[in-house]
Amino acid sequence: NGKVNYSEAVDHTIIGIEPGAGISVTTEAAIEEYENLQGWEVALSSTGAMMTELDNAIRNEEPIVVTGWNPHWMFAAHPDMKYLEDPKGIYGGEEGINSIARLGLEEEKPEAYKLIDQFEWDVEDMESIMFEAEETGRDIEEIAYEWVEDNEDKVAVWLEGVDDVDGVEVELVSTPWDSERASSGVLKAAMEKKGFDVTVTDVDVAIVFESVATGNADASAAAWLPITHKEFYNKHKDNLIDLGPNLTGAKIGLVVPNYMDIDSIEDLKP
Ligand code: PBE
């Protein structure tokens with residue numbers, strides 16, 4: 001194709017995030033599958049480091065290829081960015097963020113299971129918490145508590161038919177990204193309204209699935225499916241219960257600034 005060749009300028013490198021992230025694993029797969037990406041690398045470090053590189057590149061109108069996703073405030077900070085088309089479908093289409101529970105939770109803590117199963121909200125809800133945290137520098141968990149106080153009608157649907165309990169302990173596992181800090185925060189706050197004693201522990205994606213599958217944790221609201229966490233899900237799916245999406249309309253992919261004159265992953269030259 002006749003598109004501009006940015007490969008030298010970006011040093012054949014995609015700027016990625018934490019090594020434990022699903023999107024990092026998926027990007028390794030993309031490099032394997034796309035012939036034009038042979039010899040490319042994904043630089044794994046942290047979400048914060050990626051955002052700094054992205055800010056710097058855009059300020060200087062330099063080319064950059066990053067691993068991007070929604071919901072996140074990266075598109076609010078830089079509306080002039082696009083997902084590259086992915087003709088091989090490595091990054092999937094629409095992703096869901098699913099809740100998963102350990103085997104036996106329904107029998108042992110039925111009220112907890114019911115509430116977690118009924119937890120469901122929208123991209124806009126989640127983003128309102130993430131954007132406020134980003135803008136104010138305040139703690140996401142604190143803003144999540146306030147969101148639960150301010151959104152009684154939505155929360156009432158999650159609590160419907162759930163009996164009050166007296167300090168039943170629930171161990172949730174989650175991941176350290178803002179999206180899951182928001183969802184685990186609102187779920188914890190909602191569960192506390194019914195008398196649960198909830199602990200949220202942030203761990204690597206692999207540990208989220210492993211701890212629910214081994215019964216070391218009760219549940220998680222942080223499973224990105226069907227693509228992002230596919231590898232971890234497939235490994236453990238017989239030993240956990242998939243409660244379906246608590247949020248739909250998520251997305252992952254390779255993202256570039258609009259000033260780069262390419263549209264597809266296949267436009268990246270070898
Ligand atoms: N993320 C955000 C994570 C899940 C939440 C897309 C960066 C990942 O596992 O890739």
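Refer to the preceding data block for the structure.
Every value quoted in this text rests on a predicted model; they were computed, and no experiment measured them.

Novice: Quick one: what's the story with the side chain of Asp86, residue by residue and with numbers?
Specialist: Residue position: Asp86 is located in the loop between strand S4 (81-83) and strand S5 (95-102). No salt bridge is formed by the buried Asp86; the nearest opposite charge belongs to Lys251, separated by 6.9 Å. For Asp86, the side chain forms a polar contact with the main-chain nitrogen of Ile90, separated by 2.9 Å. Excluding its chain neighbours within four sequence positions, the residues that come into contact with Asp86 are Tyr34, Tyr91, Gly92 and Ile265.

Novice: I'd like to hear about the nonpolar core, residue by residue, with values.
Specialist: Ranked by size, the top nonpolar core spans 92 residues in total, and within it Trp69, Trp121, Ile129, Trp158, Val186, Met191 and Phe209 carry the most contacts. Element by element, the count of residues in this core is highest for strand S9 (residues 240-257), at eight residues. In this structure Trp121 touches Met126, Ile129, Trp147, Trp158, Ala182, Ser183, Val186, Asn246 and Leu247, once residues within four positions along its chain are discounted.

Novice: Mind laying out empty space enclosed by the protein, listing which residues take part and the relevant values?
Specialist: Going through the model one piece at a time under the given rule, you end up with one cavity of 30 Å³ or more. Here the largest cavity defines a volume of roughly 140 Å³. Trp69, Trp177, Trp224, Thr228 and His229 are, among the 14 residues lining the largest cavity, the residues nearest its centre. Taken together, the elements giving at least two residues each to the lining of the largest cavity come down to helix H1 (22-33) and helix H9 (178-193). Among the residues making up the lining of the largest cavity, the classes are represented as eight nonpolar, five polar and one charged. Split by domain, the residues of the lining of the largest cavity number at least three in each of domain 1 (13-93 + 252-267) and domain 2 (96-249).

Novice: So, H1: which residues are in play, and what are the values?
Specialist: With twelve residues, H1 should reach 16 Å at 1.5 Å per residue; the first-to-last C-alpha distance of 16 Å fits that figure. Of the positions making up H1, those classed as buried are Gly22, Ile23, Ser24, Thr26, Thr27, Ala30 and Ile31. On its buried face, H1 sits against strand S1 (13-15), strand S2 (41-43), strand S3 (66-70), helix H10 (205-214), helix H11 (230-236) and S9.

Novice: Mind laying out the environment of Ala190, listing which residues take part and the relevant values?
Specialist: Considering the arrangement of structural elements, one finds Ala190 in helix H9. Taking the C-alpha atoms as reference points, Ala190 and Met130, 60 residues apart in sequence, are found 18 Å from one another. Excluding its chain neighbours within four sequence positions, the residues that come into contact with Ala190 are Leu115, Val148, Val155, Trp158 and Leu159.

Novice: Explain the pattern of salt bridges residue by residue, including any values.
Specialist: Two side chains with opposite charge may pair up if their charged atoms get near one another. The tally for this structure, following the rule as stated, stands at 13 salt bridges. The salt bridge partner of Arg138 is Glu146, with a shortest N-O separation of 2.6 Å. Residues Lys188 and Glu192 are paired through a salt bridge, measuring 3.0 Å at the closest nitrogen-oxygen approach. Within this pair, Lys188 and its partner Glu192 are both found in helix H9, separated by four residues, close to a single helical turn.

Novice: Got a sec to walk through the pairing of S9? Specific residues and values, please.
Specialist: The sheet contact formed by S3 and S9 spans five bridges and is antiparallel. Bridging across to S9, Gly68 finds its partner in Gly253. Pairing geometry for S4 and S9, over three bridges, is antiparallel. Bridging across to S9, Lys82 finds its partner in Val256.

Novice: Can you tell me about the site of the ligand, naming the residues and giving the values?
Specialist: In the region of the ligand, the neighbouring residues are Ile17, Ala21, Gly22, Ile23, Trp69, Trp177, Ser179, Glu180, Val205, Trp224, Thr228 and His229. A distance of 2.7 Å separates an oxygen atom of the ligand from a polar backbone atom of Gly22. At a separation of 2.7 Å, an oxygen atom of the ligand approaches a polar side-chain atom of His229. The fraction of the free accessible surface of the ligand (280 Å²) that becomes covered by protein chains is 100%.

Novice: Describe the side chain of Lys194, listing the residues and the values that go with them.
Specialist: Relative to the elements of secondary structure, Lys194 occurs in the loop between H9 and strand S7 (197-202). What makes Lys194 buried here is its relative accessible area of 16%. Here Val162 takes part through its backbone oxygen, which lies 3.0 Å from a polar atom of the side chain of Lys194. Leave out the neighbours within four places in its chain, and Lys194 touches Leu115, Leu159, Val162, Asp163, Asp164 and Val165.

Conventions we followed
Residues numbered from 1 in each chain as written. Predicted model: local features only at pLDDT ≥ 70, side-chain atom pairs only at ≥ 80, totals over all residues. Heavy atoms only, no water. Helix = DSSP H or I, 4+ residues; strand = E, 2+ residues; numbered from the N terminus. Buried < 20%, exposed > 50% of the residue type's maximum accessible area, 1.4 Å probe, protein only. Lys, Arg positive; Asp, Glu negative; His and termini not counted. Salt bridge = Lys/Arg side-chain N within 4 Å of Asp/Glu carboxyl O. Polar contact = N/O pair within 3.5 Å; in protein donor to acceptor, adjacent residues only side chain to side chain. Contact = heavy atoms within 4.5 Å. Core = buried A, V, L, I, M, F, W, Y, C linked by side-chain atoms within 4.5 Å. 1 Å grid on protein atoms, 1.4 Å probe; cavity = no way out; pocket = protein on both sides within 12 Å on 5 of 7 lines; lining within 4 Å. Points joined across faces, edges and corners; volume = space filled by probe spheres on them. Nonpolar A, V, L, I, M, F, W, Y, C, P; charged D, E, K, R; others polar. Domains from an automatic or database assignment. Expected span 1.5 Å × (residues − 1). Pairing = 2+ DSSP bridges. Near = heavy atom within 4 Å. Areas by Shrake-Rupley, 256 points an atom, 1.4 Å probe, with all protein chains shown as cover.

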